[in-house]
Amino acid sequence: MPFTAPPIETRNLCKEFGDKVAVADLTLTVEPGEVFGFLGPNGAGKTTAVKMLLNLISPTSGEGRLFGAPLDDPGIRARVGFLPEHFRFHDWLRADEFLALHADLYHMPHDQTRQRIPELLDLVGLTAHTNKKLREFSKGMLQRIGLAQALLNKPELVILDEPTSGLDPVGRRLVRDIIRDLRQHGTTVFLNSHFLSEVEITCDRVAFIKHGKVIRTSTLNELMVGELSVEVRAHNLNSEIISGLHRWCGEVRVDGENLSLTLLVEANLATINRYLVEQGVEVYSFSPQQVSLEDLFIQIIGTDGEL
Amino acid sequence: MSTFTIARLTFLEAARRKILLAALLLGLLFLIIYGLGFHFLIVETEKSVGNNNLLQLNEIRNFLLMAGMFVVNFLTSIMIVLTSVDTLSGEISSGTIQTLASKPIRRWEIVMGKWLGFAGMLTLYLLLMGGGVMVIVFLRTGYTAPHPLRALELIWLNALVLLSFSILGGTTLSTLANGVLVFGLYGIAFLGGWIEQIGSFLPNQAASHTAVNIGIITSLIMPSEALWKRAAHELQSPLVAALGFSPFSSAYYPSLLMVVYAALYTVITLTLAVLLFNQRDL
């Protein structure tokens, strides 16, 4: 099997603006085909990091590579699509002209461009606005056309900086579907976001960044493993049955007919359920609770809000 | 090539923002007014000096042509700075540059593309305006200046110098600061040129020398006025040139070396612009 260089690889990437450190020491690798979430509070250095990847900002020190090529190699960006955070475009262009311009900058052949533009406008739901000037676009529409622009060249790596910040729920669902679709086609996605629910749904792996440093990288599955909690609603509970639960559960809380249990091993869920039924308890609902990414975010990043 | 894509985009922007239309309409208005003014002045002159006094008639024709070209040079200079002063700094501050520069494009291609786009526009503008003035004078009287093409080339180079400088400023300065800088330098060069011209007539040798030196130094800082002075010399009728004084030119005109210097100045300014833009965080 030929060696394929990772789409993104950075080592000790650092950016200082004067005496302000925006990115302190960024070391990460994004593997081919994965959807990588880059999480962190506002001002943590996410956008600066992304801009370094695209050579919009040059690092103070450290090194980065896209598909094995140095960041300042312009040729490599032919394989990359990018949607900036503050998507501001030449608003005197029409939607189709805007896409044609950027297709030219990708050096796409004209017949390919002609075919690709309607395809993309359809994908982002802007077909009806093909001939409209971007000046007349709403914020959400601009974000959609920006997304289309980032997909023109059928990139192998798509870098999205807060792609849903200006979108309504319909638009967010659209972005999510597009990301899912990209993953199915083996495209690598680097998603900068502080919309945790979105990251939770779309990402394979996440990195938490704070003060310009990655403080934890983990697959989403690994993150979600840990303590499990179950909410049970049941009749005919008594203290004997409840104390019997301590065999599997760390913590048992009772509030009328509501039971809150925490346990460490997922396999015990079935055992507990069977135990309750065998003890003559009428179980109305038995719902395991996932620890949300938001809880984890707060846990890992902290709530200090100090940046 | 991406340079041409950016040049095309620059043209398209000027067209879409009605800059081309405004320049064209006002240019035509200028030519109409110039043509009418020229016509009436020539009619009056012919009445007073007579149709046969060709020597005197040609002096008047030359003077009016020079006046027209003086305004054309001034307008071309102002137009090129006004239109280009915002092109890099504006795109950087609005963020539109980010989608451009993150494409497989080199930074110099953005700088050169913009330069090329504006250079194309100013060439068309100068041909319309300068060519228009010369054609009006020729059609009405059959008069042509001694070296019209050389004069146009020098005015063109003057505009390219200003364009390159405003592109250079745009790589690091804000739009307003850049405008202040370029117009400031243009003003200094203008002032230096007049100090040199008037000073050269001073009876006091030392003072005259100082004035000329001031002119030389300012034209090294910004060669725009020097290029006009030489363009004016190329347009000047031999008689006035021999007399050595008119409002538009003087006996002292910049040498060919100054033209070479201005060309080099443009190349160096552009190179510097590319280097600075390469380092610029967008």
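Since we're looking at a predicted model, the values are computed, not measured. (Residues numbered from 1 in each chain as written. Chains lettered and ligands numbered in written order. Predicted model: local features only at pLDDT ≥ 70, side-chain atom pairs only at ≥ 80, totals over all residues.)

Draft legend 1. Structural context of the overall build of chain B. For chain B, the helix and strand inventory stands at 12 helices and zero strands. Its helices and strands in sequence order give chain B the pattern α-α-α-α-α-α-α-α-α-α-α-α, from N to C terminus. Relative to the compact-globule value of 19 Å for 282 residues, chain B shows a C-alpha radius of gyration of 21 Å, a close match. In terms of overall dimensions, chain B has C-alpha extents of about 70 × 45 × 30 Å along its principal axes. Every one of the 282 residues in chain B was classed for burial, and the buried ones make up 44%. Sequence separation of 24 or more characterises 81% of the internal contacts of chain B that already satisfy a separation of 6 or more. (Helix = DSSP H or I, 4+ residues; strand = E, 2+ residues; numbered from the N terminus. Rg over C-alpha atoms; globule rule 2.2 N^0.38 Å. Buried ≥ 20, exposed ≤ 12 C-beta atoms within 10 Å, placed from the backbone. Contact = placed C-beta atoms within 7 Å.)

Draft legend 2. Representation of the nonpolar core. Of all hydrophobic cores here, the largest spans 139 residues; its most connected members are Ile 159 of chain A together with Leu 163 of chain B. The contacts of Ile 159 of chain A, once residues within four sequence positions are left out, are Val 50, Leu 53, Leu 54, Val 80, Phe 82 and Phe 190 of chain A. Leu 228, Val 232, Leu 245 and Ile 272 of chain A belong to the second largest nonpolar core, which has 10 residues in total. (Core = buried A, V, L, I, M, F, W, Y, C linked by C-beta atoms within 7 Å.)

Draft legend 3. Highlighting the packing of helix α6 (residues 107-141) of chain B against helix α12 (residues 256-279) of chain B. All names here are of chain B. Contact pair α6 / α12: the axes reach a minimum separation of 9 Å and the direction vectors enclose 135°. Taken together, the axes of α6 and α12 are oblique relative to one another. Considering the relative orientation of α6 and α12, their crossing is right-handed. Every residue of α12 that contacts α6 at Arg 107, Trp 108, Val 111 and Trp 115 is listed here: Leu 270, Ala 273, Val 274, Phe 277 and Asn 278. Looking at the contact of α6 with α12 residue by residue, the class counts come to seven nonpolar, one polar and one charged. (Axes fitted to C-alpha atoms, helices over the stretch in contact; angles between N-to-C directions. Parallel < 35°, antiparallel > 145°, perpendicular 65-115°, else oblique. Left-handed = near helix turned anticlockwise from the far one by under 90°. Nonpolar A, V, L, I, M, F, W, Y, C, P; charged D, E, K, R; others polar.)

Draft legend 4. Highlighting the environment of Tyr 186 of chain B. All names here are of chain B. Structurally, Tyr 186 can be placed in helix α8 (residues 175-199). For the pair Tyr 186 and Ser 219, spaced 33 residues apart in sequence, the C-alpha to C-alpha distance is 9.7 Å. The contact partners of Tyr 186, leaving out residues within four places of it in the chain, are Ser 77, Leu 162, Met 222 and Ser 224.

Draft legend 5. Representation of the interface of chain A and chain B in the model. Counting residues at the interface gives 22 residues for chain A, matched by 21 residues for chain B. Here the side of chain A that touches chain B gets four residues from one element, more than from any other, and that element is helix α2 (residues 95-105) of chain A.

Draft legend 6. Broad picture of helix α5 (residues 169-184) of chain A. Residue and element names in this part refer to chain A. Here α5 is 16 residues long and its end C-alpha atoms lie 23 Å apart, about the 22 Å a rise of 1.5 Å per residue gives. Within the sequence span of α5, burial applies to Gly 171, Leu 174, Val 175, Ile 178, Ile 179 and Leu 182. Each buried residue of α5 lies within a common arc of 135° when the element is viewed along its axis, so the set occupies one face. Across α5 from its buried face, at more than 90 degrees, point the exposed residues Pro 169, Val 170, Asp 177, Asp 181 and Gln 184. After α5 finishes, the residue Gly 186 shows a positive phi value of roughly 80°. (Expected span 1.5 Å × (residues − 1). Arc of directions from axis to C-beta.)

Draft legend 7. Expanded view of the domain arrangement of chain A. For chain A, the assigned domains read domain 1 (8-223) and domain 2 (227-290). Taken over C-alpha atoms, the centre of domain 1 of chain A sits 44 Å from the centre of domain 2 of chain A. (Domains from an automatic or database assignment.)

Draft legend 8. Here's a closer look at the pairing of strand β1 (residues 8-17) of chain A. Residue and element names in this part refer to chain A. Where β1 and strand β4 (residues 61-66) come together, five bridges link them in antiparallel fashion. Looking at the pairing, Arg 11 lines up with Glu 63 of β4. Of the pairings in the sheet, the one linking β1 to strand β2 (residues 20-30) comprises seven bridges and is antiparallel in character. Note that in β2 the partner of Glu 16 across the bridge is Val 21. What sits between the antiparallel neighbours β1 and β2 is a turn of two residues, in which Gly 18 has the positive phi angle 65°. (Pairing = 2+ DSSP bridges.)

Draft legend 9. The packing of α2 of chain A against helix α4 (residues 139-151) of chain A, seen in detail. All names here are of chain A. Running from amino to carboxyl end, α2 crosses α4 at an angle of 30°, the nearest separation of the two axes being 9 Å. By the angle between their axes, α2 is roughly parallel relative to α4. Relative to α4, the crossing made by α2 is right-handed. Contacts between α2 and α4 involve Ala 95, Phe 98, Leu 99 and His 102 from the former and Ile 145, Ala 148 and Gln 149 from the latter. Counted by class, the contact of α2 with α4 contains five nonpolar, two polar and no charged residues.

Draft legend 10. Region of the structure containing the sheet that holds strand β13 (residues 258-263) of chain A. Residues and elements named next belong to chain A. Spatial strand order, β12-β13-β11-β14: four strands in an open sheet with antiparallel pairing. Only two strands of the sheet have a single neighbouring strand rather than two, namely β12 (249-255) and β14 (282-289). The mean angle between the axes of side-by-side strands here comes to 20°, regardless of whether they run parallel or antiparallel. One ladder, built from six bridges, connects strand β11 (residues 228-235) with β13; its direction is antiparallel. Pairing of Val 232 across the sheet is with Leu 259, part of β13. Helix α9 (residues 268-278) rests against β11, β13 and β14 of the sheet, and its axis sits at about 165° to β14.

Draft legend 11. Spatial organisation of the environment of Asn 258 of chain A. Along the chain, the position of Asn 258 of chain A falls in strand β13. For the pair Asn 258 of chain A and Ala 234 of chain A, spaced 24 residues apart in the sequence, the C-alpha separation amounts to 6.6 Å.

Draft legend 12. Spatial organisation of the pairing of strand β9 (residues 205-210) of chain A. Residues and elements named next belong to chain A. When you tally the buried positions in β9, you get five out of six residues, the bulk of the element. Judged from the four bridges that link them, strand β3 (residues 35-39) and β9 form a sheet pairing that is parallel. Among the inter-strand pairings, Phe 36 is bridged to a residue of β9, identified as Arg 205. In this sheet, strand β10 (residues 213-219) lies alongside β9 in antiparallel orientation, the contact comprising six bridges.

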